[in-house]
Amino acid sequence: MSAITITDAAHDYLADLLSKQNTPGIGIRVFITQPGTQYAETCIAYCKPNEVKPEDTALGLKTFTAWIDSVSEPFLDDAVVDYATDRMGGQLTIKAPNAKVPTVTADSPINERINYYLQTEINPGLASHGGQVSLIEVVEDGIAVLKFGGGCQGCGQADVTLREGIERTLLERVPELKGVRDVTDHSQKENAYY
């Protein structure tokens, strides 16, 4: 069951738009561009029957179907699509509190929990230097491989930041994590000197 709410007002507004499309079976698609990042944008688009993806989740509404993009779905938890009228007419609004970072629990997959703490606790601090860090993968020995970007790339303090701040925070928050590595460390394995 999808956790997105489409209010009656939004439904009626969208149904009216869809009725003008002259396409039998047309619905809407709800998706997020760059979900889980600070650049996340929640979008609604027309969705013709031939544009439905097999992995989409169907949300059956009174007169049409809303197709929820599978990648975006965890980020659409508690999202509300509403239509608010004002003096100028009306406006469709989409509130998706988890679009940027989905809420995580102790049962969430390790990569989701790491991403959550990177976005909520670590990147806001790095943003003041124009930098950010992202998760590349979690390798089998419980090591998170991270990539520095923006102002952190090539910064002489990146290693200190990684060990002192990022690693300590992530190890506290994600108990099964064993450590973190900068992506530049492990890309040179073939010629690594031991």
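Computed from a predicted model, the values in this text were never measured in an experiment.

So, about the sheet that holds strand S10 (residues 179-182). Strand order in the open sheet formed by 3 strands is S8-S9-S10, with mixed pairing between adjacent strands. Looking along the sheet, the strands with just one partner apiece sit at the ends: strand S8 (131-139) and S10. Neighbouring strand axes in the sheet, compared pairwise and without regard to direction, differ in orientation by 35 degrees on average. Pairing geometry for S8 and strand S9 (residues 143-150), over 8 bridges, is antiparallel. Note on S9: the bridge partner recorded for glutamine 132 is glycine 149. Where helix H2 (residues 110-127) meets the sheet, its contacts fall on S8 and S9, and the angle it forms with S8 comes to roughly 160 degrees.

Taking 1.5 Å per residue as the helical rise, helix H1 (residues 8-19) with its 12 residues ought to reach 16 Å, and the 16 Å between its terminal C-alpha atoms agrees with that figure. Every buried residue belonging to H1 is among Ala10, His11, Leu14, Ala15 and Leu18, and all of these are buried. Buried residues of H1, viewed axially, fall in a sector of 130 degrees; they line one side. Residues of H1 that are buried in the fold lie against strand S1 (5-6), strand S2 (27-33), strand S3 (41-47), strand S6 (80-86) and strand S7 (89-95).

Thresholds, definitions, all that
- Residues numbered from 1 in each chain as written.
- Predicted model: local features only at pLDDT ≥ 70, side-chain atom pairs only at ≥ 80, totals over all residues.
- Heavy atoms only, no water.
- Pairing = 2+ DSSP bridges.
- Helix = DSSP H or I, 4+ residues; strand = E, 2+ residues; numbered from the N terminus.
- Axes fitted to C-alpha atoms, helices over the stretch in contact; angles between N-to-C directions.
- Contact = heavy atoms within 4.5 Å.
- Expected span 1.5 Å × (residues − 1).
- Buried < 20%, exposed > 50% of the residue type's maximum accessible area, 1.4 Å probe, protein only.
- Arc of directions from axis to C-beta.

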